[in-house]
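Below are the chains, spelled out letter by letter.
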2 protein chains.
Amino acid sequence: MSTINKKFRIAVLGSGSWGTTIGKVVAENTAEKSDLFEPIVKMWAREETLCDNINEEHENNKYLSHIKLPENLVAVSNILETVAGADLIIFNFPHQFLATICADLAGHIPAGTRAVSCLKGLNVDENGCQLLTDFIYEKLGVSCGALSGANLAPEVAIENWSGTTIAYKLPDDFRGHGQDIDADVLHKLFARSYFEVSVVDDVAGVSLAGALKNIVALPVGFVDGMKWGNNARAAIMVKGQLEIIKFGRTFFPECAVKTFSNESAGLADLIATCSGGRNARIGKMMAETKKSAKECERDYLNGQSAQGIHTTDEVYRFLEAKNAIDDFPLFAATYNIIYQGEDMKKIPELLKQ
Amino acid sequence: MSTINKKFRIAVLGSGSWGTTIGKVVAENTAEKSDLFEPIVKMWAREETLCDNINEEHENNKYLSHIKLPENLVAVSNILETVAGADLIIFNFPHQFLATICADLAGHIPAGTRAVSCLKGLNVDENGCQLLTDFIYEKLGVSCGALSGANLAPEVAIENWSGTTIAYKLPDDFRGHGQDIDADVLHKLFARSYFEVSVVDDVAGVSLAGALKNIVALPVGFVDGMKWGNNARAAIMVKGQLEIIKFGRTFFPECAVKTFSNESAGLADLIATCSGGRNARIGKMMAETKKSAKECERDYLNGQSAQGIHTTDEVYRFLEAKNAIDDFPLFAATYNIIYQGEDMKKIPELLKQ
């Protein structure tokens, strides 16, 4: 007879399209694996009306319409009520809300709680470039992994086949298998027949790939919008992939090249993001309409944000502080086009080194 | 005063869409750089009517309509007349014609003639897997480089920006700079403002990447045709890229991983081919129409061929002989779907190792 393991209780913070999709994925698994997980998954949605929509209609008409959500995915408008008793907190909202949300949570998360971040971004300040997983650990004391992959939310939501990568390092105070979150628990929580999960331990590589690919998607969108064709967009993607790897190896030498080249969180996510993601669409709209990035974000994203616009700025400032702009011509060109009025038609010459 | 260098005479064999496009590129350069090149570029076109069209209208209405060709690009229907006096012969026709064409040329190519192959394929027989550049050297005694890159012909033809890679090793009987084809001459012959050339010496890597990417484009097309979305197609591309690199490193250990990851001939070509190339279209049509690969090739390619269909077969037989099928699940799945009637919906399980 096996010993009775702890039943892990899962909370999801965020109910945008990706937050809701991940909520759906994990709620499907907690319902099926009630020996391992508490079936009810609480998902924080700030707006009462959205909570009502999710709990009454089992849909998210605002950010993920026409997708039936599991009934054991329960929306909660109070964030502290959402995380109460959670063993694993999944962070899944736009990066710019992270500091405020961590401030709201601070002092309310018991020691030994674990987390997985689905956020795409970096924190840049005078101290350098910080991974969001490290920021979460610093503010809340919870060990935090990262989930990222070629996972355009609407496609995962309708259960099209895709892969993903979860990076998680066992913490120093790991309580033992069966008693704590580990690679096996994460696999059981996230893997579906339509959602292939690879668990690795390179949190830096997965985080960086997830953040930096959003920069690359913008110039791919420019090229698309200028109708330069498949050759040009492929050239931009490869230059982008090489700058992502160079950034990782230069500033986070613990990360592994193979995370970028082999994992869904690496090259696959770059390709998918450049093909159908928000940032590529914003870049394309900029080329087609001559509007600014901010105007395009406001006019075409229905209230959601294009993370790459912020990441482009943050990374540029960091590279400037490191005196390393010249080593990252695509990142620099993207910044100059978005923030300095550079002409996107000059991309070929801007990329010549 | 500089010494008078030899003026290099260029011949192009093949006048399909890519042959004609490359003829256009090099003829633009030979016209502008008449100190270095004989301006007239002869291009072999088997059909007299096509020759007339090219020489009288300066267009190729059969394979590359609406593109104005340089007047110094001269079509010739006799292959021996085309290559007479050539210092560099550019091979650019479907792989399946190579053996016949080499037989026609044998005995007519002077020692010291050089070649660049734009063909995409491999020769597989009981002796193993042979690069086409090596086959050309074996049959004609000419040192042969390889040109490959993210170069969908219609886009290069309209002068959209792209990159390419030329792999060339200086031969043992190299006659010295200024007197023979070298990296600098190749750069001057092929580089245009819209066509960025990188010259490397990894002929095996460039050749393999160019051939094997056509296999990968087929299942990407399947996934497109089944409407599985951007996440799934990105997942297939990455699995394909990893199998290409594994194939190269296993069977041609002299090739460099960085050719596949950094060069236009590597990842960029894979991405572009999977987005807009013939093989991806054939894969997509197979999924949408349930027709066989051969039927789709006949019905949708206007007399041109989808190289990947042949390469899939050849590579599978080679892997079978090497007892290595299990190490290449995507290549094997593609073969089984095309040649053995396997259901393409089973791709996720076929790729599980």
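Residues numbered from 1 in each chain as written. Chains lettered and ligands numbered in written order. Predicted model: local features only at pLDDT ≥ 70, side-chain atom pairs only at ≥ 80, totals over all residues. Heavy atoms only, no water.

Here we come to the UniProt feature "domain: Glycerol-3-phosphate dehydrogenase NAD-dependent C-terminal" (unreviewed entry) in chain A. Mapped onto this structure's residue numbering, the UniProt feature "domain: Glycerol-3-phosphate dehydrogenase NAD-dependent C-terminal" (unreviewed entry) falls at residues 202–348 of chain A. Between the C-alpha atoms that bound residues 202–348 of chain A there is a distance of 34 Å. The span itself is 77% helix and 0% strand. (UniProt positions renumbered as here; feature names shortened; annotations may be inferred. Helix = DSSP H or I, 4+ residues; strand = E, 2+ residues; numbered from the N terminus.)

Turning next to the UniProt feature "binding site: substrate" (unreviewed entry) in chain A. All names here are of chain A. Residues given the UniProt feature "binding site: substrate" (unreviewed entry) here are K120, R278 and N279. For the residues just named, distributed over 160 residues, the greatest C-alpha separation is only 12.6 Å, placing them together at one site. Looking at the secondary structure, you find K120 in the loop between β5 (114–117) and β6 (122–125). The buried category is assigned to K120, whose relative accessible area is 15%. With residues up to four places along the chain from it excluded, the contact list for K120 reads W18, H95, L132, L147, S148, G210, A211, K213, N214, D269 and Q307. From its side chain, K120 meets the backbone oxygen of C118 in a polar contact 3.1 Å long. Look past the residues within four positions of N279 in its chain and what remains in contact with it is N214, A217, L218, A306, Q307, G308 and I309. (Buried < 20%, exposed > 50% of the residue type's maximum accessible area, 1.4 Å probe, protein only. Contact = heavy atoms within 4.5 Å. Polar contact = N/O pair within 3.5 Å; in protein donor to acceptor, adjacent residues only side chain to side chain.)

What follows deals with the environment of L98 of chain B. Counting through the fold element by element, L98 of chain B comes out in helix α4 (residues 98–105). Given a relative accessible area of 1%, L98 of chain B falls into the buried group.

The next point concerns the relation of the copies chain A and chain B. Two chain copies here: they are related by a rotation about an axis and a translation along the same axis. It takes a turn of 180° to lay chain A on chain B, together with a shift of 0.0 Å along the axis; the resulting RMSD is 0.0 Å. Such values leave the two copies arranged in the relation of a two-fold axis. Most of the interface of chain A is mirrored in chain B: 100% of its interface residues are interface residues there too. (Least-squares fit on C-alpha atoms with pLDDT ≥ 70 in both.)

What follows covers the domain arrangement of chain A. Residues and elements named next belong to chain A. For chain A, the assigned domains read domain 1 (10–201) and domain 2 (204–351). Distance between the C-alpha centres of domain 1 and domain 2: 25 Å. Where domain 1 abuts domain 2, roughly 2100 Å² becomes buried across the two surfaces, and 62% of that area is made up of carbon and sulfur atoms. Considering only the side of domain 1, the residues that lose the most area to domain 2 are K120, L122 and L131, jointly responsible for 23% of the buried surface there. At the junction of domain 1 and domain 2, the tally comes to 0 salt bridges. Linking domain 1 with domain 2 are 8 residue pairs in polar contact (both at pLDDT 80 or more), by the criterion used here. (Domains from an automatic or database assignment. Buried area = accessible area lost by both parts, 1.4 Å probe. Salt bridge = Lys/Arg side-chain N within 4 Å of Asp/Glu carboxyl O.)

A word on the pattern of salt bridges. Taken as a whole and assessed by the stated rule, the structure comprises 37 salt bridges over all chains. For the salt bridge of K188 of chain A with D184 of chain A, the shortest nitrogen-to-oxygen distance reads 2.9 Å. Pair noted here: K188 of chain A and D184 of chain A are both in helix α7 (residues 183–190), with a separation of 4 residues, about one helical turn. On the accessibility criterion, K188 of chain A (32% relative accessible area) is partly exposed. With a closest N to O distance of 3.1 Å, R114 of chain B and D173 of chain B form a salt bridge. Here R114 of chain B, found in strand β5 (residues 114–117), pairs with D173 of chain B, found in the loop between β9 (162–167) and α7 (183–190); they are 59 residues apart in sequence, far enough to count as distant.

Residues and elements named next belong to chain A. At a minimum axis separation of 10 Å, helix α4 (residues 98–105) and helix α5 (residues 132–140) run at an interaxial angle of 25°. Between α4 and α5, the angle falls in the class roughly parallel. Handedness of the α4/α5 crossing: right-handed. Side by side, α4 and α5 meet where L98, A99, C102 and L105 of the first sit next to L132, F135, I136, K139 and L140 of the second. (Axes fitted to C-alpha atoms, helices over the stretch in contact; angles between N-to-C directions. Parallel < 35°, antiparallel > 145°, perpendicular 65-115°, else oblique. Left-handed = near helix turned anticlockwise from the far one by under 90°.)

Following the criterion strictly, the structure yields 22 aromatic pairs over all chains and no others. Through pairs of rings, three or more aromatic residues link up here, namely F247, F251, F318, F328 and F331 of chain A. Against the face of F97 of chain B rests R46 of chain B, its NZ or CZ located 5.9 Å from the ring centre. Geometry around F328 of chain B places K246 of chain B over its ring, the cationic atom sitting 5.7 Å from the centre. (Phe/Tyr/Trp six-rings, centres within 6.5 Å; stacked < 30°, edge-to-face > 60°. Lys NZ or Arg CZ within 6 Å of the ring centre and 35° of its normal.)

This brings us to the packing of helix α8 (residues 203–225) of chain B against helix α15 (residues 329–339) of chain B. Describing two packed helices takes the angle between their axes plus the distance from one axis to the other. All names here are of chain B. The N-to-C vectors of α8 and α15 enclose an angle of 65°; their axes lie 10 Å apart at closest approach. Judged by the sense of rotation from one axis to the other, the crossing of α8 with α15 is left-handed. Where α8 approaches α15, its residues L212, I215, V216, L218, P219 and F222 are matched on the opposing element by L330, F331, T334, I337 and I338. When its residues are assigned to classes, the contact of α8 with α15 shows 10 nonpolar, 1 polar and no charged. (Nonpolar A, V, L, I, M, F, W, Y, C, P; charged D, E, K, R; others polar.)

Glancing now at the sheet that holds strand β1 (residues 10–13) of chain A. The strands that make up a sheet are held in pairs by hydrogen bonds between backbone atoms, and each pair lies either parallel or antiparallel. Residues and elements named next belong to chain A. Strand order in the open sheet formed by 8 strands is β3-β2-β1-β4-β5-β8-β9-β10, and the pairing between neighbours is mixed. The sheet is open, and its two borders are formed by β3 (73–76) and β10 (195–200), each paired with just one other strand. Here the strands of the sheet are splayed against their neighbours by 25° on average, with no regard to which way each runs. Lying on the sheet, α5 is in contact with β4 (88–91), β5 and β8 (143–148); it crosses β8 at an angle near 155°. (Pairing = 2+ DSSP bridges.)

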